[in-house]
Amino acid sequence: GTASSLFSELIKEGIPLKRSETKEFIEYIGRLFFPTSKALLSNYIVPTRNGYLNADLVYVLGSRVYCNKGQEKKDEVLPLELQDTMKGVFEKKGCKEAYYNVILNKLAPDFIVFIVLIALSGCLLEFVNIDGGGFHIFGPSGVGKTILLRIAASVIGSSTSPDQGSQEPCYMMSWGATKNGIEAKFNIFNDGLLILDELGKYISKHFGSDLYALSGGAFTARMNSELKSVDAKPATFMLLSSGELAMQEMLRRLRENLLGQGKSVRMPGVPIQSSDLFSPELYSDSEAAARDYEKVLNDNSGFLFEDFIQKLLNHKASYAELKSDVKTRFESTFNEMKLSLPNKGSIESRVLKRFALLAVAGQLAHEFGVLPWTNEKVMNAISSVYMRYHSYEPNRLSDAEIALRVIKRKLQSEQGNFVRVKSTTVPNKHYGYISDTHYYIYPETFKRWLSSANESEVVQLLRDENLLKSESGRNTLRTTEHLPIRANVRSGSGHNQRRETFICISRGIVSLELD
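Residues numbered from 1 in each chain as written. Predicted model: local features only at pLDDT ≥ 70, side-chain atom pairs only at ≥ 80, totals over all residues. Heavy atoms only, no water.

## Considering the overall build of the chain
Line of reasoning, step 1. When you go through the chain residue by residue, the secondary structure sums to 20 helices and 18 strands.
Line of reasoning, step 2. Looking at the chain as a whole, 50% of its 515 residues qualify as buried.
Line of reasoning, step 3. Considering only intrachain contacts with a sequence separation of at least 6, the fraction spanning at least 24 residues in the chain is 71%.
Line of reasoning, step 4. Counting every atom, the chain has about 25,200 Å² of accessible surface; 50% of that belongs to carbon and sulfur. (Helix = DSSP H or I, 4+ residues; strand = E, 2+ residues; numbered from the N terminus. Buried < 20%, exposed > 50% of the residue type's maximum accessible area, 1.4 Å probe, protein only. Contact = heavy atoms within 4.5 Å. Areas by Shrake-Rupley, 256 points an atom, 1.4 Å probe, with all protein chains shown as cover.)

In structure tokens, the structure reads:
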């Protein structure tokens, strides 16, 4: 066991050993049995995390260790010691045939194909160069988000949901856990899949920075008992998340817009609907499909990933050859997808790489014979889900570009809140003034429409489209030229010739093509 478990056992037996002396005591025992123990222990490798071991064709998954059959074994790899709450989480359960007939049906809908490929792709991240992160599926309550996450979990191990109240070990985690609680299990999900359900349960004053760290597998800096910094290598995994809100919306509500796109691009949001869960050829509606999925998931899980990783490790004769093969497939697939799918700008290009990795997982799984789906079905499913991702504006637009669209919609729909220039009747509450050619918008109204967007970036977009009228070196226009004598008086009476400041935008914005 560990030093801590030895310390606890010694205390139970009445041996007064200080915790600080535990390490020294263990070293003494080692010397006591030297050299026999040293020779024995040198033949074993004790893994500290799941995943690939020492850039070799060896993959650790809890109590199971998978190896390339033709590879010479120099040392015996021991299973990973799991926490009590995780023991048994990777064990197979139920009937493989029943699982394949329902979850991996040849007619499975695109979103199930997508989710299964996410679960398989985590073990390929080691071989390609893409940002840490994964995917976030979002939509209103009841559309089937948790079922999709359970399907992903069932590919690798237990499909139990953290909110089911089951006594079985649970592979899935909840966003309701603390950052430290999630981080403590990084090594268990290394080179695999981390699943976090119900984003709305996450409570933190630093959601943006937490999201960036969690999606990148970065451990919080810590010190050991000797007050020395512990350098922990980041874990690598695919992260699958769910919630009612997109990540961008969560960041905006918390007013964490700094580096917002960089954070959300790590977890691109895919909106889902209840109809995404079923194929009309198999079920009459989503409720019937959900009942069937849940029945199967409750009793059957843990088969597919074992089949896939065993075939993957034996696909090539060496780790270097496997890495080269996966990398070549990935680059080729990515280049093909760039030509067939919209990917304007760096944000969409980075996200498309992640979809390309799913395609590679699908190609390999089809070649290995572990999935019934053809390459054509895999690519159709990935393309369909990517277009759903692309359809959600915040995914492909910067905050400034989104703000520009908001401004356009506001000016189209709320012209009644503007006062006609030269009007002698001016209400107390209004957004500004309107002429035949321009909107004169009060700065405070304009800023309110921007939400979390940077004002300078939005103004620059307006300038680029020749829509902004302003004074030299300023974003605003101070004028009385187009206004009646009382136009500068928002309330009260009397005459006032003082110039007032506006954001002056051409009325041409309402006919501007932005999509």
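What follows continues from the structure just given.
## Structural notes on the nonpolar core
Line of reasoning, step 1. By size, the foremost hydrophobic cluster in this structure holds 122 residues, and its most contacted members are F114, L124, L193, L312 and F355.
Line of reasoning, step 2. The greatest single-element share of this core, amounting to 13 residues, is contributed by helix α15 (residues 345–368).
Line of reasoning, step 3. With near-sequence residues (within four places) excluded, L312 lies in contact with Y52, C123, L124, L322, L364 and F368.
Line of reasoning, step 4. In terms of nonpolar packing, the next biggest core, distinct from the first, is built from 24 residues, A400, V459, I503 and L512 among them. (Core = buried A, V, L, I, M, F, W, Y, C linked by side-chain atoms within 4.5 Å.)

## Some words on the packing of helix α6 (residues 145–156) against helix α12 (residues 286–299)
Line of reasoning, step 1. Axis separation between α6 and α12 bottoms out at 11 Å; the angle between their running directions is 35°. Helix-helix and strand crossings are classified by hand; for α6 and α12 the assignment is left-handed. Of the residues in α12, those in contact with I147, R150, I151 and S154 of α6 are A290, Y293, E294, L297 and N298.
Line of reasoning, step 2. Of the residues that constitute the contact of α6 with α12, the class distribution is 5 nonpolar, 2 polar and 2 charged. (Axes fitted to C-alpha atoms, helices over the stretch in contact; angles between N-to-C directions. Left-handed = near helix turned anticlockwise from the far one by under 90°. Nonpolar A, V, L, I, M, F, W, Y, C, P; charged D, E, K, R; others polar.)

## Overview of the sheet that holds strand β7 (residues 173–174)
Line of reasoning, step 1. Strand order across the open sheet formed by 5 strands is β7-β8-β11-β6-β12, with parallel pairing between neighbours. One side of each edge strand has no neighbouring strand; the edge strands of this open sheet are β7 and β12 (269–271).
Line of reasoning, step 2. Where strand β6 (residues 133–138) and strand β11 (residues 237–243) come together, 6 bridges link them in parallel fashion. The residue bridging G134 from the neighbouring strand is L239, located in β11.
Line of reasoning, step 3. In this fold helix α5 (residues 110–121) packs onto β6, β8 (192–197), β11 and β12, with an angle of close to 140° to the strand it touches most, β11.
Line of reasoning, step 4. This element, α6, spans β6, β8 and β11 of the sheet and lies at about 155° to β8. (Pairing = 2+ DSSP bridges.)

## Focus: the packing of aromatic side chains
Line of reasoning, step 1. With the rule as written, the count across this model stands at 30 aromatic pairs.
Line of reasoning, step 2. For the pair F111 and F114, a centre-to-centre distance of 6.0 Å together with 75° between the ring planes defines the contact as edge-to-face. You can see F111 and its partner F114 sitting in helix α5, 3 residues apart, about one turn around the helix. The exposure classification of F111 matches that of F114, with both residues buried. (Phe/Tyr/Trp six-rings, centres within 6.5 Å; stacked < 30°, edge-to-face > 60°.)

## Some remarks on the packing of α5 against α6
Line of reasoning, step 1. Between α5 and α6, whose axes approach to 9 Å, the crossing angle comes to 40°. The angle between α5 and α6 places the two elements in the oblique class. Pair α5 / α6 crosses with right-handed handedness. Counting all contacts with α5, which are made through F111, I112, I115, V116, A119 and L120, the residues of α6 involved are L148, I151, A152, V155 and I156.
Line of reasoning, step 2. Along the lines of polarity and charge, the residues of the contact of α5 with α6 split into 11 nonpolar, no polar and no charged. (Parallel < 35°, antiparallel > 145°, perpendicular 65-115°, else oblique.)

## A few points about α12
Line of reasoning, step 1. With 14 residues, α12 extends 20 Å from end C-alpha to end C-alpha; this agrees with the ideal 20 Å at 1.5 Å per step.
Line of reasoning, step 2. The set of residues buried in α12 consists of S286, A288, A289, A290, Y293, V296 and L297.
Line of reasoning, step 3. Contacts from the buried residues of α12 go to α4 (96–102), α5 and α6.
Line of reasoning, step 4. By the N-cap criterion, in which a side-chain oxygen at the helix start approaches the backbone nitrogen of a residue two or three places on, α12 is capped by D285, the distance to E287 being 3.1 Å. (Expected span 1.5 Å × (residues − 1). Polar contact = N/O pair within 3.5 Å; in protein donor to acceptor, adjacent residues only side chain to side chain.)

## What to know about the confidence of the model for the chain
Line of reasoning, step 1. Per-residue pLDDT for the chain has a mean of 86; in total, 83% of the residues score no lower than 70.
Line of reasoning, step 2. In the predicted structure, residues 491–496 sits below a pLDDT of 50 and forms 9 contacts with residues beyond four places in sequence or in another chain. (pLDDT = per-residue confidence, 0-100.)

## Observations concerning the environment of R350
Line of reasoning, step 1. Following the sequence through the fold, R350 ends up in helix α15.
Line of reasoning, step 2. Given the relative accessible area of 33%, R350 is considered partly exposed.
Line of reasoning, step 3. Considered as a pair, R350 and R266 are 84 residues apart in the sequence and their alpha carbons are 8.7 Å apart.
Line of reasoning, step 4. Engagement of the side chain of R350 in a polar contact is seen with the side chain of D131, the distance being 2.9 Å.

## Here we look at helix α14 (residues 319–340)
Line of reasoning, step 1. The first and last C-alpha atoms of α14 sit 32 Å apart over 22 residues, in line with the 32 Å expected at 1.5 Å per residue.
Line of reasoning, step 2. Along α14, the positions that sit buried rather than exposed are Y319, L322, D325, V326, R329, F330, T333, F334 and M337. The buried residues of α14 occupy an angular sector of 155° when the element is viewed end-on, so they sit on one face. Exposed and facing more than 90 degrees away from the buried side of α14 are A320, E336 and L339.
Line of reasoning, step 3. The inward-facing, buried residues of α14 abut β2 (51–52), α13 (304–313), α15 and α16 (375–391). (Arc of directions from axis to C-beta.)

## Let's talk about the pairing of β6
Line of reasoning, step 1. Counting buried residues in β6 gives 6 out of 6 residues, a clear majority hidden from the surface.
Line of reasoning, step 2. Here β6 runs beside β12; their pairing, made up of 3 bridges, is parallel. If you follow I137 over to β12, its bridge partner there is V270.

## Considerations on a positive patch on the surface
Line of reasoning, step 1. On the surface, a cluster of positive charge is contributed by R474, R478, R498 and R499.
Line of reasoning, step 2. Tracing the backbone through its elements, the reader meets R474 in the loop between β16 (468–469) and β17 (477–479).
Line of reasoning, step 3. Under the relative-accessibility criterion, R474 is labelled partly exposed at 41%. (Patch = residues over 30% accessible without salt bridge, like charges linked within 9 Å, V, L, I, M, F, W, Y side chains within 5 Å. Salt bridge = Lys/Arg side-chain N within 4 Å of Asp/Glu carboxyl O. Lys, Arg positive; Asp, Glu negative; His and termini not counted. Charge placed at Lys NZ, Arg CZ, Asp CG, Glu CD.)

## Comments concerning the sheet that holds β2
Line of reasoning, step 1. Ordered in space as β2-β3-β4, the 3 strands form an open sheet in which the pairing is antiparallel. The open sheet is flanked by β2 and β4 (64–67), the only strands paired with a single partner.
Line of reasoning, step 2. Bridge count for strand β3 (residues 58–61) against β4 is 4 bridges, and the pairing is antiparallel. Residue pairing for β4: V58 is matched across the bridge by C67.

## Some points on the pattern of salt bridges
Proximity of charged atoms lets side chains of opposite charge pair with each other.
Line of reasoning, step 1. Here the structure, examined in full by the defined rule, presents 13 salt bridges.
Line of reasoning, step 2. Residues R329 and D325 are paired through a salt bridge, measuring 2.9 Å at the closest nitrogen-oxygen approach. With a gap of 4 residues between them, R329 and D325 both fall in helix α14, about one helical turn apart. For the residue pair R329 and D325, the accessibility class agrees, reading buried in each case.
Line of reasoning, step 3. For R329, the salt bridge goes to E367, with nearest N and O atoms at 2.8 Å. You can see R329 sitting in helix α14 and its partner E367 sitting in helix α15, a full 38 residues away along the chain.
Line of reasoning, step 4. In this structure E367 comes out as partly exposed when scored by relative accessible area, which is 46%.
Line of reasoning, step 5. A single salt-bridge network, built from bridges that share partners, covers R64, K92 and E306.

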